[in-house]
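Each chain, written out:
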Amino acid sequence: QVQLVESGGGLVQPGGSLRLSCVASGFAFSTYTMRWYRQAPGKEREWVATVSSTGSVTNYLDSVKGRFTISRDNAKDTVYLQMNSLKPDDTAVYYCNAHQIRRPTYWGQGTQVSVSS
């Protein structure tokens, strides 16, 4: 059974940090591009970051560049999102996504990140 399980969300003050983790199982993790998305209340889901299958190439939403870092550990079937200098606008449910061309795309259940004072 394919699973993506996110963890690490929580409540932090503006300027704080969180590290999200997503543990994958049931598919060939090391062959998949991994992505993080987020969805704020009343907003459409938006792409946040991507890391290539090897971990060598990353891309970010402009508003998180310099603050967020996506990485992966293929030996642990895990992708991470390190989030620093968090802002209230970062408040959202964060979702892990796995994609490979011509294969189904997988989604996790999400983890809540809340940034407020």
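Remember, it's a predicted structure, so these values are computed and weren't measured experimentally. (Residues numbered from 1 in each chain as written. Predicted model: local features only at pLDDT ≥ 70, side-chain atom pairs only at ≥ 80, totals over all residues. Heavy atoms only, no water.)

Novice: Give me the lowdown on unusual backbone geometry, citing residues and values where you can.
Specialist: Its identity as a non-glycine residue notwithstanding, Asp77 has a phi of 50°, on the positive side. Following the sequence through the fold, Asp77 ends up in the loop between β7 (68-73) and β8 (78-83). In this structure Asp77 comes out as partly exposed when scored by relative accessible area, which is 27%. Backbone geometry at Ser85 places phi at a positive 50°, although glycine is not the residue there. Of note, Ser85 is situated in the loop between β8 and β9 (92-99). (Helix = DSSP H or I, 4+ residues; strand = E, 2+ residues; numbered from the N terminus. Buried < 20%, exposed > 50% of the residue type's maximum accessible area, 1.4 Å probe, protein only.)

Novice: Please give an account of the pattern of salt bridges that cites residues and values.
Specialist: Within this structure, the stated rule accounts for 4 salt bridges. Of the charged contacts, one joins Lys65 and Asp62 as a salt bridge, the two residues approaching to 2.9 Å between their closest N and O atoms. Connected via shared salt-bridge partners are Arg38, Glu46, Arg67 and Asp90. (Salt bridge = Lys/Arg side-chain N within 4 Å of Asp/Glu carboxyl O.)

Novice: Go over the pairing of β9, please, and point to the residues and values.
Specialist: Most of β9 sits inside the fold, with 6 of its 8 residues counted as buried. With 7 bridges joining them, strand β4 (residues 33-39) and β9 adopt antiparallel strand pairing. Counterpart to Trp36 in the pairing with β9 is Cys96. Direction of pairing for β9 relative to strand β11 (residues 111-115): antiparallel, over a ladder of 3 bridges. Bridging across to β11, Tyr94 finds its partner in Thr111. (Pairing = 2+ DSSP bridges.)

Novice: Can you lay out the environment of Lys87 for me, pointing to particular residues and giving the numbers?
Specialist: Its place among the elements puts Lys87 in the loop between β8 and β9. We classify Lys87 as partly exposed; its relative accessible area is 42%. In the structure, Lys87 is positioned 11 residues away from Ala98 in sequence and 26 Å away in space, judged by C-alpha atoms. Beyond its immediate stretch of four places on either side in the chain, Lys87 contacts Arg67 and Val115. (Contact = heavy atoms within 4.5 Å.)

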